[in-house]
Amino acid sequence: MRCAQCDQSMSEARTISTHHTSEGWVRYKRCACGGVSIELLTLDTRPTGVHAARA
Ligand SMILES: [Zn+2]
């Protein structure tokens, strides 16, 4: 996945927190630029949707 703020790879991003929801796992990751991306991992673990929110 890539940061929606700066478009760099999020592979080095720090995971802030992970929450279990009825749809799967929601993982909050903070990029080096300060942007926070939210990754949704459904129960079959395929990422299905990513969007970003400002910190
Ligand atoms: Zn970024």
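Please refer to the structure higher up on the page.
Throughout what follows, the structure given in this document is the object of discussion. All of these numbers come straight from a predicted model, not from anything done at the bench. (Residues numbered from 1 in each chain as written. Predicted model: local features only at pLDDT ≥ 70, side-chain atom pairs only at ≥ 80, totals over all residues. Heavy atoms only, no water.)

This next bit is on the overall build of the protein chain. If you tally the helices and strands in the protein chain, you get zero helices and four strands. Helices and strands in the protein chain line up, N terminus first, as β-β-β-β. Evaluated residue by residue, the protein chain yields a buried proportion of 27% over its 55 residues. Surface summary for the protein chain: the accessible area is close to 3,900 Å², and the carbon and sulfur share equals 48%. (Helix = DSSP H or I, 4+ residues; strand = E, 2+ residues; numbered from the N terminus. Buried < 20%, exposed > 50% of the residue type's maximum accessible area, 1.4 Å probe, protein only. Areas by Shrake-Rupley, 256 points an atom, 1.4 Å probe, with all protein chains shown as cover.)

Around a metal, the ideal angle is 109.5 degrees if four donors adopt a tetrahedral arrangement and 90 or 180 degrees if six donors adopt an octahedral arrangement. Of the protein atoms, only Cys3 (SG), Cys6 (SG), Cys31 (SG) and Cys33 (SG) coordinate the zinc ion, at distances of 2.2 to 2.4 Å. Around the zinc ion sit four donor atoms, and with donor-metal-donor angles ranging over 107 to 112° the site reads as tetrahedral. Mapping the donors of the zinc ion onto the primary sequence gives the spacing C-x2-C-x24-C-x1-C. Taken together, the residues span a long stretch of sequence, with cysteine 3 in the segment before β1 (14-21) and cysteine 31 in the loop between β2 (24-30) and β3 (36-42) at a distance of 28 residues. Judged by its relative accessible area of 2%, cysteine 3 falls in the buried class. (Donors = N, O, S within 2.8 Å, 3.2 Å for Na, K, Ca; no water. Tetrahedral: all angles 85-135°; square planar, octahedral: opposite > 155°, others 65-115°.)

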